[in-house]
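Next come the chains, spelled out residue by residue.
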Amino acid sequence: MQTTATQTLIDISKLNLHYGNFHALKNVSMDIPEKAITAFIGPSGCGKSTLLRTLNRMNDMIPGTRIDGKITIGGADIYSKEVDVETLRKKVGMVFQQPNPFPKSIYDNVAYGPRLHGIRSKSKLDEIVETSLRSAALWEEVKDHLKRSALSLSGGQQQRLCIARAIAVGPDVLLMDEATSALDPISTLKIEELAQELKDKYTIVMVTHNMHQAARVSNQTVFFLNGEVVEYSDTEKLFSNPRDQRTEDYISGRFG
């Protein structure tokens, strides 16, 4: 399946995923366009977060996981034996449901990834930290407190710090797994506005339980049910004129 949007960055083809005997993803195929926001929606347990985690191989960490099918990002097969998973995760950053800053300073949180990848120059790190915090709309709030513990920030600030940390290593893709569900409405709005700005530079794939958020923020929306893609369309089209009755029932609140 693909939408009318621009050039494809992520191509998922006939993907099946099992956790032990449980068939979590069933023959999923889709093209995800670059520099746009694609939202995954559907009831709990429908496979949307599982699919998100296949894009940076986070499911590799779960014992008994089996995957067949193919995922390419920028034309490269990410499940090829030649792929270095750490390099993949540098290119495909992730922001989780709960803000998870390291128990370090604000500065060291953002500099962590670049240092890990060999950047030692203080001036270069300073530049990356400032640029990343500016990109995450956090610089003005923390620029005079960079040595303070990241854990002293509010929940919304911590989540924006986690976004800054993810983009500090220069990813192509940013995965957001329910990234606003633990936040208050004002912080949620800031993250949504931030996502809109970041899509000019990054391909964003977000899982959300909040259909209003998907409608507000995304360019494309994918509706999942029982591990299958039911419908994938431009967001406006999916919400205003769904092709499948199950999509209509879900977005109108009849189940889920």
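Bear in mind that the values here come from a model prediction, so they are computed numbers and not experimental data. (Residues numbered from 1 in each chain as written. Predicted model: local features only at pLDDT ≥ 70, side-chain atom pairs only at ≥ 80, totals over all residues. Heavy atoms only, no water.)

Draft legend 1. Here's a closer look at the overall build of the protein. Along its length, the protein carries 10 helices and 10 strands. The C-alpha radius of gyration of the protein comes to 18 Å, within 12% of the 18 Å expected for a compact globule of 256 residues. Based on the C-alpha atoms only, the size of the protein along its principal axes is roughly 55 × 45 × 35 Å. Surface exposure of the protein reaches about 11,900 Å², of which carbon and sulfur atoms provide 49%. (Helix = DSSP H or I, 4+ residues; strand = E, 2+ residues; numbered from the N terminus. Rg over C-alpha atoms; globule rule 2.2 N^0.38 Å. Areas by Shrake-Rupley, 256 points an atom, 1.4 Å probe, with all protein chains shown as cover.)

Draft legend 2. Spatial organisation of the sheet that holds strand β5 (residues 76-77). Strand order in the open sheet formed by four strands is β2-β1-β4-β5, and the pairing between neighbours is antiparallel. The sheet is open, and its two borders are formed by β2 (22-33) and β5, each paired with just one other strand. (Pairing = 2+ DSSP bridges.)

Draft legend 3. Region of the structure containing the packing of aromatic side chains. Taken as a whole and judged by the stated rule, the model has three aromatic pairs. With centroids separated by 5.1 Å and ring planes inclined at 65 degrees, the aromatic side chains of Phe40 and Phe224 adopt a geometry described as edge-to-face. Taken as a pair, Phe40 in strand β3 (residues 37-41) and Phe224 in strand β9 (residues 220-225) lie far apart in primary sequence, 184 residues in all. For the pair Phe40 and Phe224, a shared accessibility class is recorded, and that class is buried. Of note, Lys147 hangs over the ring of Tyr107, and the distance from its end group to the ring centre comes to 4.4 Å. One cation-aromatic arrangement involves Arg165 over Phe102; the distance from NZ or CZ to the ring centre is 4.1 Å. (Phe/Tyr/Trp six-rings, centres within 6.5 Å; stacked < 30°, edge-to-face > 60°. Buried < 20%, exposed > 50% of the residue type's maximum accessible area, 1.4 Å probe, protein only. Lys NZ or Arg CZ within 6 Å of the ring centre and 35° of its normal.)

Without other data, these values stay purely geometric and don't point to any function.
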